[in-house]
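Examining the three-dimensional arrangement
The chain contents come next:
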Amino acid sequence: MLFNSTAFLFFLPAVFLLYWFVCNRSVFSQNILILVASYFFYGWWSWKFMGLLLLSTVMDYVYGFGVASANQRKARFFLWLSIINNLGILALFKYYDFFASSLQHGLQQLGIQADMPLLNLALPIGISFYTFHGMSYVFDIYRKKQVPVSGFTDYAVFVSFFPLLVAGPIERAHHLLPQVQRGRQFSYSQAVSGCRLMLWGLFKKVVIADNLGGIADIAFEQYNAFNGISLLIGVVAFAFQIYGDFSGYSDMALGIARLFGFELLSNFRFPYFSRNLGEFWRRWHISLSGWFRDYLYIPLGGSRRGSLITWRNTLVVFLVSGLWHGASWNFIVWGGLHAAGFLMLMVLPGKASDYNDVVAAKSRFPMFGELTGMLFTFSFVAFAWVFFRAPDLAVAVDYLENMLRSLLLNPEANLHQIYGKSALLYILPLVMADWYFRHDERELKVPGKSRWVRWLFYALLIFLIGMFKYADSSRFIYFQF
Amino acid sequence: MAPFLKRFVSFLLLCTVVYVLLIGVMTKTNIHPPIHHNLPAANITGLMFRDLHQAKKTDLLFVGSSHSYRGFDTRVYDSLGWNSFNMGTSSQTPRHTLALLDTWLDSMQPQLLVCEVYPATFSLEMDLLEANLNIMANDKWQPYFKDLLLMDADLRLFNLTVATRIRNLMGWEQGMSLDTVMGTDQYIRKGYVESTRKGFTKELHDGTPSDVDFKQVEALKSIVRLAQIRGIHVMLLQLPVTASLYASYKNQESFDSLMNSIAPYQNLNGRMELVDTIHFYDSNHLNPAGAAIVNAAVAEVIGTPAKWKKDYR
């Protein structure tokens, strides 16, 4: 079930009303309802993979007790068992075919004929997210940040809570589990802020991302037919499409969770206003970056063992992050590009960790230096998105080659043109809203005290969603991961 | 909780009012933002519905997709002494046809109903929205619209329903100018549309999708029953497409046998001398030269009322 589908329009109010009116007597009954609703939500897409979700949940729940053991060898054994099981599930469903076909191709290059069997399994939706939830729980127990939960229902809710089940944010056990276990009271202000977040997220998905997606799709699918400016517009359109799509989803997830009394981790903080790549990665898909920092970068030694180890760790994290997104060489190249950019930043004067504050914190507009940094960072990120969006490496290289050749050598080539006006129509409102709200968590609070003015503005957003809706339920980009 | 629900309901009411008002403004002013459908606007289908509302009893009634309204030239059949009408609309599938005939068959009282059948309209991959939008944007509000709405619960259809209802209630359709020339299309009369497009646009095609939507098959059977109950003869016709498109069809034999099992059926592909680049303007659609040849053949296939009684149920 998608947040932007008609089915969800009926599902959410039904669960909300049952949660606060029927199951409000105890936390247990509320959690049971959330669990049933979450499996229903997941099963709506494919009931066949509900078993895999349950299996993954049961395994990590059981391993959690083993990892909590005072016996260090036993704890380590269960920790590795959990890692192997979770990565095994991912390897089987997500990576096996990629590595098998890559190996076969590599052997063929060496003149060795090998016929690797392919599994051609359907990728269970949200698999990368719920396996990472499970691992975070086991890791946190191992690091004594979390004690094993006794109630299976509580743990199952943590893994499968429907707002974050299929595309995150990737929650941490020590952040979400206490919320699952304690009693929740309805809060008017929390519910209203949840509604605002949902509305803004839906607007970004339906009006901005889906419509920019139409422009990006044309450019990437017929890149041989368009001139350089059009291909550039295609790249920028995709950059804002993926931002609107994923941050829109995350906003909706946060908003829905608030309706049920939960606070989820924030996933985006205006990433395209970043002044360098380091800042970008502290503002883009924050829950994943944080996960890799805590459970991969730091265990590898982080930045405490000298420059070379730090660079190696940075490279590993970005390459693994690329691979996490998809079993394809272009995602690995995408990760590699970001690693290269990040490493360059580390050797340049000024550290990657600079810029923890918001851009133009005390002024209306950015300083020249900030603006240059923002434009440079965005250009780099957009360039890397080409590898993310293209179906394979060859298309990405061709796309960039066509774009640069047309822009630099033959701008008058007799090729088709995508006009930038329509892309701007969708990009500008997003940039303006983000700039206006950049000091706060996004919530689209309309200034002014008159409720009618605020409500009219929200009603207008709903009207625009209704008018610009592209298809009944276009998928979210991150569902494929 | 109670204050939240109370305010939420009030907000929803306000949204409904704002939504309807703004659609009304757009309908009146003909503002079309870059949305993915048009609100009611002049269209060749609008001309067909205008003629349909004025039409009386007819001998021959044609229904089907764009193949139908670009193929069956009502002038040809009228000149043979039959009163004919073409109710074809863009992407019309049997399910749409059934909804239309439920409303119009009794007033049209045809002697022979010719259903243009095209494999793509029976496919599970067929987009039902295009036909729904096209019909609802161009006809006056009718009870059969609810069948179309239920067929494909799409927000765009809902928007269009609101817009059509407002237009009808306010009487705004009276002022709509319906020009008989729309781009390269020329509306001739009683549902027939001629294309003035020059040349032939070659298209790539990977063949008709092979999965049949049995809801469409059931709808076609219902159409046949609906007609037979009223003593109306029915024939199914597959009109010619370009040879290259026809050759790409993967399931033509099973489609022919399926159609034959439902009602008297003729597949006119390969039955006459048509050249892709001379008689078509794209893979699917006949140009006037092609339509002339095909209509002569169709008239022969249809024959006389004596033949209808004998050959067509």
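Scroll up for the structure.
Here the structure is a predicted model, which is why all the values come from computation and not from measurement.

Here we take up the overall build of chain A. Secondary structure assignment for chain A yields 17 helices and 0 strands. Whereas a compact globule of 481 residues would reach a radius of gyration of roughly 23 Å, chain A reaches 23 Å, a difference of no more than 12%. With respect to the principal axes defined by its C-alpha atoms, chain A has extents near 70 × 70 × 45 Å. Considering chain A as a whole, with its 481 residues, one finds that 43% of them fall into the buried category. Considering only residue pairs separated by 6 or more positions, chain A has 73% of its internal contacts joining residues 24 or more positions apart.

Our focus in this paragraph is helix α7 (residues 173-181) of chain A. Given 3.6 residues to a turn, an α-helix orients residues that are three or four positions apart in the same direction. All names here are of chain A. What α7 keeps buried is the set Ala173, Leu176, Leu177 and Val180. Taken end-on, α7 shows its buried residues confined to a sector of 100°, consistent with a single buried face. Against α2 (27-45), α5 (127-142) and α6 (152-160) lie the buried residues of α7.

With that settled, the discussion passes to the interface of chain B and chain A. Each partner contributes to the interface: chain B provides 18 residues, whereas chain A provides 18 residues. Residue assignment for the side of chain B that touches chain A shows that the elements contributing at least two residues are α1 (2-29) and α8 (155-170) of chain B. Among the elements that line the side of chain B that touches chain A, the one with the most residues is α1(B), at 8 residues.

Sheets are built from strands paired through backbone hydrogen bonds, the pairs being either parallel or antiparallel. Residues and elements named next belong to chain B. Judged by pairing direction, the sheet is parallel, and its 5 strands sit side by side in the order β2-β1-β3-β7-β8 without closing on themselves. In the strand order of this sheet, the two ends are held by β2 (84-86) and β8 (265-267), each with one partner. Averaged over neighbouring strand pairs, the angle between their axes works out to 20° when direction is ignored. In this sheet, β8 lies alongside strand β7 (residues 233-238) in parallel orientation, the contact comprising 3 bridges. Among the inter-strand pairings, glutamine 238 is bridged to a residue of β8, identified as asparagine 267.

With that settled, consider the sheet that holds strand β5 (residues 185-189) of chain B. The 3 strands lie next to each other as β4-β5-β6 (chain B), forming an open sheet whose pairing is antiparallel. Of all strands in the sheet, those bounded by a partner on one side alone are β4 (181-182) and β6 (192-195) of chain B.

Here helix α17 (residues 451-468) of chain A spans 26 Å end to end across 18 residues, near enough to the 26 Å set by a 1.5 Å rise per residue. Inspection of α17(A) places A:Tyr458, A:Ala459, A:Gly466 and A:Met467 among the buried residues, and these make up the whole buried set. Each element contacted by the buried residues of α17(A) is listed here: α8 (188-221) of chain A together with α1 and α8 of chain B.

Let us now look at the packing of α8(A) against helix α16 (residues 420-436) of chain A. All names here are of chain A. Between α8 and α16, the shortest axis-to-axis distance is 9 Å and the interhelical angle comes to 145°. As α8 packs across α16, the resulting crossing turns out to be left-handed. Along the contact surface, α8 presents Lys204, Val207, Ile208, Asn211, Leu212 and Ile215, while α16 presents Ser422, Ala423, Tyr426 and Leu430. Here the contact of α8 with α16 is composed, by residue class, of 7 nonpolar, 2 polar and 1 charged.

Here we come to the environment of B:Pro94. Residues and elements named next belong to chain B. Examined against the element boundaries, proline 94 turns out to sit in helix α5 (residues 94-108). By C-beta crowding, proline 94 is classed as buried, having 26 other C-beta atoms within 10 Å. For the pair proline 94 and glutamine 216, spaced 122 residues apart in sequence, the C-alpha separation works out to 5.6 Å. Non-local contacts of proline 94, meaning those with residues more than four positions away in its chain, are made with Thr121, Gln216, Ala219, Leu220 and Ile223.

Time to look at the packing of helix α3 (residues 50-67) of chain A against α6(A). Residue and element names in this part refer to chain A. Relative to each other, α3 and α6 sit at 125°, their axes nearing to 10 Å. The angle between the axes of α3 and α6 places the two elements in the oblique class. The element α3 and its partner α6 pack so that their crossing is right-handed. Two secondary-structure elements touch here, α3 through Leu53, Thr57 and Tyr61 and α6 through Phe152, Tyr155, Ala156, Val159 and Ser160.

A word on unusual backbone geometry. Positive phi, normally seen in glycine, also occurs at B:Gln109, with a value near 40°. Locating B:Gln109 in the fold gives a position in the loop between α5 and β3 (112-116).

Moving on to the pairing of β6(B). All names here are of chain B. Examined bridge by bridge, β5 and β6 share 4 bridges and lie antiparallel to one another. Looking across to β6, one finds that arginine 189 is bridged to tyrosine 192. Between β5 and β6, which follow one another and run antiparallel, lie 2 residues, and lysine 190 among them has a positive phi close to 45°.

The rules we used
- Residues numbered from 1 in each chain as written.
- Chains lettered and ligands numbered in written order.
- Predicted model: local features only at pLDDT ≥ 70, side-chain atom pairs only at ≥ 80, totals over all residues.
- Helix = DSSP H or I, 4+ residues; strand = E, 2+ residues; numbered from the N terminus.
- Rg over C-alpha atoms; globule rule 2.2 N^0.38 Å.
- Buried ≥ 20, exposed ≤ 12 C-beta atoms within 10 Å, placed from the backbone.
- Contact = placed C-beta atoms within 7 Å.
- Arc of directions from axis to C-beta.
- Pairing = 2+ DSSP bridges.
- Axes fitted to C-alpha atoms, helices over the stretch in contact; angles between N-to-C directions.
- Expected span 1.5 Å × (residues − 1).
- Left-handed = near helix turned anticlockwise from the far one by under 90°.
- Nonpolar A, V, L, I, M, F, W, Y, C, P; charged D, E, K, R; others polar.
- Parallel < 35°, antiparallel > 145°, perpendicular 65-115°, else oblique.

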